[in-house]
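Residue-level structure breakdown
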Amino acid sequence: LAGPKREVQAIAAMLGAEKVQGVYTVSCEAKVPNLAFSLGGRDFDLSKEDLVVDRVGDICVLGLESIDIGMPMWILGDVFMRKYYVQFDWVQRRLGFAL
């Protein structure tokens, strides 16, 4: 998940994550709240297990980073697409999401 720096920092704080060597981490034993993205009026939840992309001992690395490209945008990427099926309809210029 990549998004605007300010929003990512707020989400990281909500998750109890610390930035260590450029990546956000949490203790693998920590209780972390779910994160939800609202798309098309529907919430798509991501749990701690969904957000973790690597584990180093008892430290879990989250798939969360900030990007600054001059305009606010989010890239949901592999963290989102590992949990949700994403259908790209190029002809109708739309996306579909499912579990």
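Just so it is clear, the model here is predicted, and its values are computed rather than measured. (Residues numbered from 1 in each chain as written. Predicted model: local features only at pLDDT ≥ 70, side-chain atom pairs only at ≥ 80, totals over all residues. Heavy atoms only, no water.)

1. Remarks on the overall build of the chain
In terms of regular secondary structure, the chain is built from three helices and 10 strands. Going from N to C terminus, the chain has its helices and strands arranged as β-α-β-β-β-β-α-β-β-β-α-β-β. Viewed in the frame of its principal axes, the chain has a C-alpha envelope of about 45 × 30 × 20 Å. The buried share of the chain, reckoned over its 99 residues, is 34%. Across the chain, the fraction of contacts at a sequence separation of at least 24, relative to all contacts at a separation of at least 6, is 56%. For the chain, the exposed area adds up to about 6700 Å²; of that, 52% sits on carbon and sulfur atoms. Where the 11 positive side-chain charges of the chain centre and where its 13 negative ones centre are 4 Å apart. (Helix = DSSP H or I, 4+ residues; strand = E, 2+ residues; numbered from the N terminus. Buried < 20%, exposed > 50% of the residue type's maximum accessible area, 1.4 Å probe, protein only. Contact = heavy atoms within 4.5 Å. Areas by Shrake-Rupley, 256 points an atom, 1.4 Å probe, with all protein chains shown as cover. Lys, Arg positive; Asp, Glu negative; His and termini not counted. Charge placed at Lys NZ, Arg CZ, Asp CG, Glu CD.)

2. Some thoughts on the pattern of salt bridges
Applying the stated criterion to the full structure yields one salt bridge. Of the charged contacts in the structure, one is a salt bridge between K83 and D50, with a shortest N-O distance of 3.2 Å. Of this pair, K83 sits in the loop between α3 (77-81) and β9 (85-89) while D50 sits in helix α2 (residues 48-51), and the two are 33 residues apart along the sequence. (Salt bridge = Lys/Arg side-chain N within 4 Å of Asp/Glu carboxyl O.)

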